[in-house]
Structures are given as C-alpha cells and as structure tokens.
Amino acid sequence: MKIMKFGGTSVGKPQRMQEVARLITKDAEPKIVVLSAVSGTTNALVEIGDLISKGKREEAKQKIDTLEAQYKQFVPELVQKPDALEKANNILKEHFEFLNIILRISFSEALSKDILAQGELISTKLFSVYLTEQGIDHELLPALEFMSIDANDDPHVEVISEKLTKILQQHPAKKLFITQGYICRNARGEVDNLKRGGSDYTASLIAAAIKASVCEIWTDISGMHNNDPRIVNKTVPIERLSFDEAAELAYFGAKILHPASIWPAQHYNVPVKLLNTMEPDAKGTTIEEKPSSVGAKAVAAKDGIIAINIKSSRMLLAYGFLRKVFEVFEKYRTPIDMITTSEVAVSVTIDNASALNNIVRELETFSNVTVDKDQTIISIVGNEIGAQPGTLKKVFDSVSNINVRMVSFGGSIHNISMLVDSVNKTQVLQQLNSGVFGLS
Ligand code: ADP
Ligand code: ASP
Ligand code: MG
C-alpha cells in the first residue's frame, strides 16, 4: 500500500483536483490519499478565528461569506451531475452553517481548532463526491477517528497504527482510501491539528503506521531544491537525500516539508518521494536511509528566531551551570535549536517566544542575560558536510561581509548552522547559492 499526499495548490482548483483523481488511479497499488485544504483556505480560517477571538464578529462574518462564495464557484466546476452537485452543495451548507454558528457562541481555544479543521474536511468531502461522480470506488476515512496526539502534542505511530488498522480491516475489498491531512484529536478528545503544513506529517505518520511501500508528497515543485526558490533565483532540484539530510532541511526551514514530517518515515524505513502535481513525470526527490553523496546539498532558513546570551555571573563556567540553564528551558517546555558556548557564556536560540519572559526572569537569578529578536538560522545541510575538503571554507568565504551572530558545527555531521539578523537573510542565501553551489 502506498501513501499519496496532495498539498493545497495540488487541490487548489477544480481542475487540479480532477488531475489528482487521474494521478491516484494511474496504477493499481492500493493507496491512502491524504489531502490538504484548498490553498488559501487555512489562512482564511486562521484570520476568521483571530477576528472572532478579538470580538470582531462582523469582519469574521464577511470573511466567512467570501470563503463560501469561493467554494460556491468551485463546486460547479468540479462536478456536473445533479446528484453530485446537490451532495457537494450540502457539504458546503453543513460546514458554512457550522462556521456561522461559531460566530454566535463564546470563543475558546478549542473552538479555534474546530474552525481550522474545516478546510481539510471540506476538501476531502468534495473530492469524494467527485470520485463518486466519476465512478471511482473509494472510502473516505475520517482522520479524527485515528490521528491523535498526546498531552504533549506528540503523535504516536503505534497508537495511530492500532486505530487505523482496525478501520482498514472494516473495508477489506477497498483499494482506495481518502483522508484529511493536518487534523487530529488531542488528549482531551478535542479536534486539534499537527500545526501549519501538517498534512506532510499526517502522510508520514500514516506511512509509518501501515508500513507503506512509499510516502509520496505531491506538491507544486519538482522536489527539494538546493535553496529556497521563493527567495533565490537559480535553484536546482536534488535527486536523492538521506533521511538525516531531509529531516534537517525540514526542521531548519525548507517549507516543502513540515518540520517533523521525516521522523515517522525514517523510523519505519518508508522511502519518501517529493513529486510535482503540475509535472508528474519529473524525477523529484527520493529520500531514503541510504546515505547520499558526501557534501553540501541544500541551504534552508528558519525565521522568527530569538537568541539568548547567558553569561555566568561568576567569571568562569562552573560545572552545573549548563545544567541549570537547560533546566530553565525544560521547565518552560521550550526547545533549543542552536547552542554555542565559551568559557564564560552560552548562547542559545529558540523559536517559541511564548515563555520568553519567564525564561529570562529565571535565568537572571544566576546569570546576565541579553536577548536578540528577529534572527534567522541559516543551515547548510549535506551528508558529512565537513568531510568534503573546502566546504567549510566556501561557506565562510560566502558570508565574509555578513555579521554572523552564532555558528554551530559538529553537533550534527550533516549541518553547519549560522545565526544572522533576519534583514540579511536574502543576501546570505544568495551568496551561499553562488559561493557553495556555484549557481548565480
Ligand atoms: P503544499 O501546499 O503542497 O504543502 P508548500 O507550499 O507547503 O506546498 O511547499 C512547497 C513550497 O515550498 C514550494 O512551492 C516552494 O516555494 C517552497 N520551498 C521552500 N524551500 C524549498 C526548497 N528548498 N525546495 C523546494 N521548495 C521549497
Ligand atoms: N492546510 C494546512 C495548512 O495550510 C495543512 C497543510 O496544508 O499541510 O497549514
Ligand atoms: Mg506544505
């Protein structure tokens, strides 16, 4: 069985959805198809939730109506037969009535997750109506019945596997299943999600849960590129990556993959392919256990980073100092991305500012603390990157004119990370593209 995940742009127009139907019926292998919301929908739902939370119900109502009008145009281009049209319009009615009801009740965090879930629920249901109209046998699997996270917001493959296997066993003759990406239930049984871009994570978790033959991530670009194509002009696709390389690129900001989406596939050794819905025959990127060639493969950037410099109040780092520092971050459940140490100070970066004030307050009880916001981590990733002669020199030569705040190398043998002011990001990515990859 294989997993095929289609992102927002891949289902973003009726014609694109119809193309997805062609792609999933090309071969006879049984499959679970994971769909994102139609592009733009989750952003709109985020805005609607924000407006409601601020009590701006009129504005929220306008946004809901605009979104509904878009779907009302979408439906008659997707399906034509009267019964399909009726079913599709009823789906819209159900979900937009739900949003309008939410407008009238008091807002809560749990309700905002319910709002966010509407995108994937609508896209999969409309797609199912189209498949039925086309006579394509399939089963719609409600992700909320098997995709779950624990009290720490972590999914567990074994738990998902147990639930999903039972559901699949109820449909022994089916070869095609459709389900929602992104959405799940939390430990309280409420509707929740796997964070923005989470449909990739869903696909990888399902692939691990059923030990799929492959996890295909279909998107709008032909695989992982060596640099961010939204920022840098000349970028090239990478044919092969190891799980370690792909995991680091995803974690350090390559938007094509959700940050956590590699570990389930890696842990259960399911190859991942990144493929392009607009160019289905392009090679894309294959990600598997096998190490790829040695050397730099790609650069990624992660914005919104906060650097915290913690200077020991005593002149030298006594032992126990680092433990005390880490305990503070652990207490506030804030992961550290980068860390550098010197004899008297340690610098760390975090991307979650929610507990920043408390963290700083506690650190200040035993150290001097400074905080720099609006930082970006630039990571140059590649199998045993430091082992390739000259790579480190090329990296540092490329950024010789830039004020680099931190450098980290050696923790992972596949990664060199630098911290720079976010205003310098574009320049750094461009300079690395020519200096390290010879592309300009
Ligand atoms: P989907 O909606 O299919 O999940 P995303 O927008 O989440 O698609 O991810 C695909 C986008 O990721 C591409 O269109 C591209 O602009 C962006 N991207 C950023 N970095 C990279 C990279 N290194 N390689 C390929 N795409 C990247
Ligand atoms: N629809 C969700 C988002 O836009 C999940 C996804 O597309 O992967 O973040
Ligand atoms: Mg995505």
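Residues numbered from 1 in each chain as written. Chains lettered and ligands numbered in written order. Predicted model: local features only at pLDDT ≥ 70, side-chain atom pairs only at ≥ 80, totals over all residues. Heavy atoms only, no water.

Within the chain, the regular secondary structure consists of 13 helices and 16 strands. Computed over the C-alpha atoms, the radius of gyration of the chain is 23 Å, within 12% of the 22 Å expected from 2.2 N^0.38 for a compact globule of 440 residues. The principal-axis extents of the C-alpha atoms in the chain amount to approximately 75 × 50 × 40 Å. Split into buried and exposed, the 440 residues of the chain put 53% on the buried side. A sequence separation of at least 24 residues applies to 76% of the contacts in the chain between residues at least 6 apart. Here the chain has roughly 19900 Å² of accessible surface; of this, 51% comes from carbon and sulfur atoms. Between the averaged position of the 49 positive side-chain charges in the chain and that of its 53 negative side-chain charges there is a distance of 1 Å. (Helix = DSSP H or I, 4+ residues; strand = E, 2+ residues; numbered from the N terminus. Rg over C-alpha atoms; globule rule 2.2 N^0.38 Å. Buried < 20%, exposed > 50% of the residue type's maximum accessible area, 1.4 Å probe, protein only. Contact = heavy atoms within 4.5 Å. Areas by Shrake-Rupley, 256 points an atom, 1.4 Å probe, with all protein chains shown as cover. Lys, Arg positive; Asp, Glu negative; His and termini not counted. Charge placed at Lys NZ, Arg CZ, Asp CG, Glu CD.)

In the vicinity of ligand 2, the contacting residues are S36, A37, T42, E120, Y182, R196, G197, G198 and S199. Contact between ligand 2 and E120: a nitrogen atom at 2.6 Å from a side-chain N or O atom of the residue. In this structure, G197 approaches ligand 2 through a main-chain N or O atom, which is 2.8 Å from an oxygen atom. Against a free-state accessible area of 260 Å², the protein chains account for coverage of 86% of ligand 2. (Near = heavy atom within 4 Å. Polar contact = N/O pair within 3.5 Å; in protein donor to acceptor, adjacent residues only side chain to side chain.)

It is worth spelling out the sheet that holds strand β1 (residues 2–6) at this point. Read across the sheet, eight strands follow the order β3-β4-β2-β1-β7-β9-β10-β8 without closing on themselves; strand pairing throughout is mixed. Of all strands in the sheet, those with a lone pairing partner are β3 (139–141) and β8 (240–242), marking the two edges. Averaged over all pairs of adjacent strands, the angle between strand axes in this sheet comes to 20 degrees, irrespective of strand direction. As paired elements, β3 and strand β4 (residues 176–180) share three bridges and run parallel to each other. (Pairing = 2+ DSSP bridges. Axes fitted to C-alpha atoms, helices over the stretch in contact; angles between N-to-C directions.)

Our focus in this paragraph is the side chain of E120. Note that E120 resides in helix α5 (residues 109–133). This buried residue, E120, is left without a salt bridge; R196 holds the nearest opposite charge, at 7.7 Å. Discounting residues that sit within four places of it in the chain, E120 has contacts with L35, S36, A37, T42, Q180, G181, Y182, I183 and S199. (Salt bridge = Lys/Arg side-chain N within 4 Å of Asp/Glu carboxyl O.)

So, on to the site of ligand 1. In the region of ligand 1, 15 residues are neighbours, and K5, T219, D220, H225 and K255 sit closest. Note that an oxygen atom of ligand 1 is positioned 3.1 Å from one of the backbone N or O atoms of G8. Here an oxygen atom of ligand 1 sits 3.5 Å away from a polar atom, N or O, in the main chain of I256. Against a free-state accessible area of 570 Å², the protein chains account for coverage of 87% of ligand 1.

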